[in-house]
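# Notes for the structure review
Each chain, written out:
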Amino acid sequence: MTDRKEFRDLSDPEDAREAIASLDLTPDPEQVPLEDARGRTLAERIDAGLDVPGFDRASMDGYAVRARDTFGADESDPATLELVGTVHAGTKPDVEIAEDQAAEISTGAVMPEGADAVVMVERTDETEEGEAVEIRTAVAPGDHVMLAGADVAAGERALGPGTRLTAREIGLLSALGVEEVPVRGKPTVGIVSTGDELVRPGDEVDSAAGQIYDVNSYTIAAAVAEAGGEPELYPHAGDDYDEMERILREAADECDLVLSSGSTSASAVDVIYQVIEERGELLLHGVAVKPGKPMLVGRVADSAYVGLPGYPVSALTIFRTFVAPAIRNAAGVPEPATATVEARMATEERYSEGRMRMMPVGLTETGEARSASKNASGGTASDDLLAYVVDKGSGATTSLVEADGVVEVPADTAYVAEDETVAVQLFSPDVRPPTVLGVGEDDPALARLLDSLERPRYLSVGSREGLRRLRDGVPDFAVTSAGTAEDRGVEATELAAYRREWGLVVPAGNPEEIGSLADLVDRDLRFVNRGSDSGLRTSLGRAIADLADERGSSRHDLVASIDGFELAAKAHESPARKVASGQADAGLGLRATAEKLGLGFVSVGTEEVHVLANPERAEKSGVRELADALDDELDEILAGLSGFGQ
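Residues numbered from 1 in each chain as written. Predicted model: local features only at pLDDT ≥ 70, side-chain atom pairs only at ≥ 80, totals over all residues. Heavy atoms only, no water.

## Digging into a positive patch on the surface
A surface patch of like charges, here positive, comprises Arg-464, Arg-488, Arg-542 and Arg-555. Turning to its location among the elements, Arg-542 is positioned in helix H12 (residues 535-551). (Patch = residues over 30% accessible without salt bridge, like charges linked within 9 Å, V, L, I, M, F, W, Y side chains within 5 Å. Areas by Shrake-Rupley, 256 points an atom, 1.4 Å probe, with all protein chains shown as cover. Salt bridge = Lys/Arg side-chain N within 4 Å of Asp/Glu carboxyl O. Lys, Arg positive; Asp, Glu negative; His and termini not counted. Charge placed at Lys NZ, Arg CZ, Asp CG, Glu CD. Helix = DSSP H or I, 4+ residues; strand = E, 2+ residues; numbered from the N terminus.)

As structure tokens, this is what we get:
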């Protein structure tokens, strides 16, 4: 039997932060062309090598004069000065201004010798002959003139180290004639995904062999770039020790930091900790945090190393919480001001596992101002941002887009109360709440309708769960085919209703000659059902109950006779795809799905789909947009789907 490596005593999250902070990720400074410097951080002070501007220049169109020649001039008694020439921007003046003389001058032009002020053109009149100009106002020396070095003087400190270079700093550097900029280097981060089951996107995946696409490599690479690092993807490593060691050592030789994902838990095939202990230094293995307990921190050769969990949500959460700050610090990138927002918990969430929990949450706006609500420390918040828990398990990749960030729940916190104010650490500063949040039945008509909305988010949790969440006041709308809101005792505003034909999806040509639900009960046929929260499952249950009544039997007995009744598939196409692959003789589904996939269909009935709005969000702009889309587009969408109609 192979020895198993058990977790060491779980470290406190703060110890993990300190361990990562102790790793030196700072790369050497580098010189970059000015055009590539935006967003980078200066590595050293830049002093002005010349005056900006480098000459005395006119700050408006007018006439260059000696100020003392205008003293006493006004509208009733103008001063008349001889016009001796014109000075254009970008040319060297070829005139000098003597007593009682003036020269026409353009904005930005070099002040001619002898002149010390500019009179704006609006306060002057040229004589008919064009040989003189009348000055109808007095000016003082320096009026409407930008002196050499007035912006930045030669030798002056222009920008200091640590300055984040935005468009305005680029403009100043351009004015100073800087061609290359000394900036802090981006830490190079090598990314290694581990596990024999992983396949890179673009290659063929063998689901029957348990293969899955590598989610973490590209997800973490994008997160590294957002934090200011330079990601480098390495070939995926299997669970073989020698191969793992080779790839980790190669990455360590070339990068400031190596990140791996997977193979960090206490498993017989998880060998990374062996590589780190034998070829480097293991500082930490296991952190008292959920998700993400199996985290490694150490060194390999001269490179820092952090091992992330294998599940995508866990990996991204641990990266966001522990690793991203270290990368930002090394690159000189400040934490974005919008990286953390305050929100109110939509529902109570209980927790009692004794570890700090990184609770993934989604965000939605109520669309209306609310009175201030109390938070745990006695403070208040009056924004309209709600946080709801997204808990589909660490292995669910859809949580990456359904969750907007995480809430840190301390280990000694038993529950987070409804309406309590929490700090949400966003996965990215670019995260924005959806314009409208919907939940409920997976439905092809709705999927098409959502395409026309600005930034919707829809969670296919099923009709029953959708109604429950609507009752709790979390979403803006719910879609159900498990009865009306009134039937279910839910207060809601109906935006639309339509019908869809449901039944049994069978192989093309219906080779088993299935004619009705009775065939599932009476014959040895393989069947694939939908989940218990699905409205289709509710309709099927009612139809079986009716069949049981006709036979004088019980619904339980009929259900027990159907091979696969408890085999629940997630989405409305899932059972049909099982049928198409030969894994089932029949699946619960829609006529539209069967037609789309080129399969046969045995009709059982129709069910009504209801789009229900949260009555407290009726005036939210996203809900109004949804209502308008239903009015304008639903008929056309239904006409394009077989078995759908009003």
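## Points about the sheet that holds strand S16 (residues 230-233)
One open sheet accounts for six strands, arranged S16-S13-S17-S21-S20-S18; its pairing is mixed. The open sheet terminates on both sides in strands that have one partner only, identified here as S16 and strand S18 (280-285). Along the sheet, successive strands turn relative to each other by an average axial angle of 20 degrees, direction set aside. Here strand S13 (residues 188-193) runs beside strand S17 (residues 257-261); their pairing, made up of five bridges, is parallel. Residue Ser-193 lies in a different strand from S17, and its bridge partner there is Ser-261. Across the sheet, helix H1 (residues 13-21) touches S18, strand S20 (296-300) and strand S21 (303-308), and the angle it forms with S18 is around 155 degrees. The sheet contacts of helix H6 (residues 312-331) involve S13, S17 and S21, and relative to S21 the element is tilted by about 160 degrees. (Pairing = 2+ DSSP bridges. Axes fitted to C-alpha atoms, helices over the stretch in contact; angles between N-to-C directions. Contact = heavy atoms within 4.5 Å.)

## Digging into the environment of Pro-27
Take Pro-27: it is sitting in the loop between H1 and strand S1 (30-33). Judged by relative accessible area, Pro-27 falls into the buried class, the value being 14%. Once the C-alpha coordinates of Pro-27 and Asp-472 are considered, the two residues, 445 residues apart in sequence, prove to be 50 Å apart. Those residues within four positions of Pro-27 in sequence are excluded, and the remaining contacts are Gly-185, Lys-186, Pro-187, Asp-256 and Ala-330. (Buried < 20%, exposed > 50% of the residue type's maximum accessible area, 1.4 Å probe, protein only.)

## Focus: the pairing of strand S27 (residues 385-389)
Residues in a regular strand point their side chains to alternate faces of the sheet. Of all five residues making up S27, five are buried, and the element is well covered by its neighbours. Bridge count for strand S22 (residues 340-345) against S27 is two bridges, and the pairing is parallel. Note that in S27 the partner of Met-345 across the bridge is Ala-387. Sheet topology note: the strand S24 (residues 356-365)/S27 ladder contains five bridges and is antiparallel. The partner of Gly-362 across the bridge, within S27, is Tyr-388.

## Some remarks on the nonpolar core
Ranked by size, the top nonpolar core spans 50 residues in total, and within it Ile-220, Leu-257, Leu-259, Phe-319 and Val-323 carry the most contacts. A total of 10 residues in this core trace back to one element, the largest contributor, which is H6. Core analysis: the next-biggest nonpolar cluster, separate from the first, contains 48 residues, Leu-446, Leu-449, Leu-504 and Leu-630 among them. (Core = buried A, V, L, I, M, F, W, Y, C linked by side-chain atoms within 4.5 Å.)

## Describing helix H9 (residues 463-472)
Every buried residue belonging to H9 is among Ser-463, Glu-465, Gly-466, Leu-467 and Leu-470, and all of these are buried. Downstream of H9 by one or two residues, Gly-473 has phi in the positive range, about 85 degrees.

## A closer look at H12
Its 17 residues give H12 an end-to-end C-alpha distance of 25 Å, which sits within 8% of 24 Å, the value for a rise of 1.5 Å per residue. Buried within H12 are the following residues: Gly-535, Leu-536, Arg-537, Thr-538, Ser-539, Leu-540, Gly-541, Ala-543, Ile-544, Leu-547 and Ala-548. Regarding H12, its N-cap is Ser-534, as a side-chain oxygen of that residue lies 3.0 Å from the backbone nitrogen of Leu-536 further along. Phi for Gly-552, located one or two positions after H12, is positive at around 70 degrees. (Expected span 1.5 Å × (residues − 1). Polar contact = N/O pair within 3.5 Å; in protein donor to acceptor, adjacent residues only side chain to side chain.)

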